Amino acid sequence: MCTVPDIIIVGVLQASTTLEYGRIVIYTTSLRVVRNTFERCEIVRKIFQNHRVKFEEKNIALNGDYGKELDDRCRRVSELPSLPVVFIDGHYLGGAEKILSMNESGELQDLLMKIERVQHPHACASCGGFGFVPCLVCHGSKMSVFRNCFTDSFKALKCTACNENGLQRCKRCTV
């Protein structure tokens, strides 16, 4: 018997949250500082890859805005954020333990029937599957150089084309 999480209807969606019907969003980290957390994120990612479903991975180590978004979403469903966190159809599903138990019982497969399939999963040649590349403007330094036309001197400014880590979204594999 498949149990579906309670549906919470929010009157006004915030600008950061897009309509996620038929989509899987997984909040993870690629930092190996806390080995247990990293390993749980890897296991959940592999489970969804093995089911060959399309999912969006939001790595909070690569973009600080994802961490803020995760805190906001978890606060709305009264859950403490503990990576990884999975949302299906915009609804909170759970963390690694919940996904593992659902996968072993077969509930996850039933839930994934409406999700778009990926025939040949592969990593993007530009970003290696991370969804981010070094900034094309500042090359990851987070600074861009501005030339003063009047004095011919150069001034370093904070780059506005990238995030706090000097990264931009990969244009080849992300929407």
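Placed above this text is the structure.
Residues numbered from 1 in each chain as written. Predicted model: local features only at pLDDT ≥ 70, side-chain atom pairs only at ≥ 80, totals over all residues. Heavy atoms only, no water.

A. Representation of the pattern of salt bridges. Within the structure shown, the criterion is met by 7 salt bridges. Across the salt bridge formed by K58 and E69, the nearest N and O atoms sit 2.6 Å from each other. On the criterion of sequence distance, the pair formed by K58 in strand β2 (residues 56-59) and E69 in helix α2 (residues 64-76) is long-range, its members being 11 residues apart. Note on K58: relative accessible area 8%, which makes it buried. You can call E69 buried: its relative accessible area is 11%. R75 is the partner of D72 in a salt bridge, and the nearest nitrogen-oxygen pair spans 4.0 Å. With a gap of 3 residues between them, D72 and R75 both fall in helix α2, about one helical turn apart. For D72, a relative accessible area of 17% corresponds to the buried category. With a relative accessible area of 59%, R75 lands in the exposed category. (Salt bridge = Lys/Arg side-chain N within 4 Å of Asp/Glu carboxyl O. Helix = DSSP H or I, 4+ residues; strand = E, 2+ residues; numbered from the N terminus. Buried < 20%, exposed > 50% of the residue type's maximum accessible area, 1.4 Å probe, protein only.)

B. Local environment of the sheet that holds strand β1 (residues 24-28). Reading across the sheet, the 4 strands line up as β2-β1-β3-β4 and stay open at both edges, with mixed pairing between neighbours. Taken across any chain shown, the strands that pair with only one partner, and hence form the sheet edges, are β2 and β4 (91-94). For this sheet, the mean inter-axis angle between neighbouring strands, taken without regard to orientation, is 25 degrees. Judged from the 3 bridges that link them, strand β3 (residues 85-88) and β4 form a sheet pairing that is antiparallel. Paired with I88 across the two strands is H91, which belongs to β4. Relative to β1, helix α1 (residues 35-50) is tilted by about 160 degrees, and along the sheet it contacts β1, β2 and β3. Packed on one face of the sheet, α2 meets β1, β2 and β3 and runs near 115 degrees to β1. (Pairing = 2+ DSSP bridges. Axes fitted to C-alpha atoms, helices over the stretch in contact; angles between N-to-C directions. Contact = heavy atoms within 4.5 Å.)

C. Structural view of the environment of C135. Inspection of the secondary structure assignment puts C135 in the loop between β5 (132-134) and β6 (143-147). Look at C135 and you get buried, because its relative accessible area is 1%. The sequence separation of C135 and R169 amounts to 34 residues, and the corresponding C-alpha distance is 8.7 Å. Among residues more than four places away in sequence, those in contact with C135 are G140, C159, A161, C162, G166, L167 and Q168.

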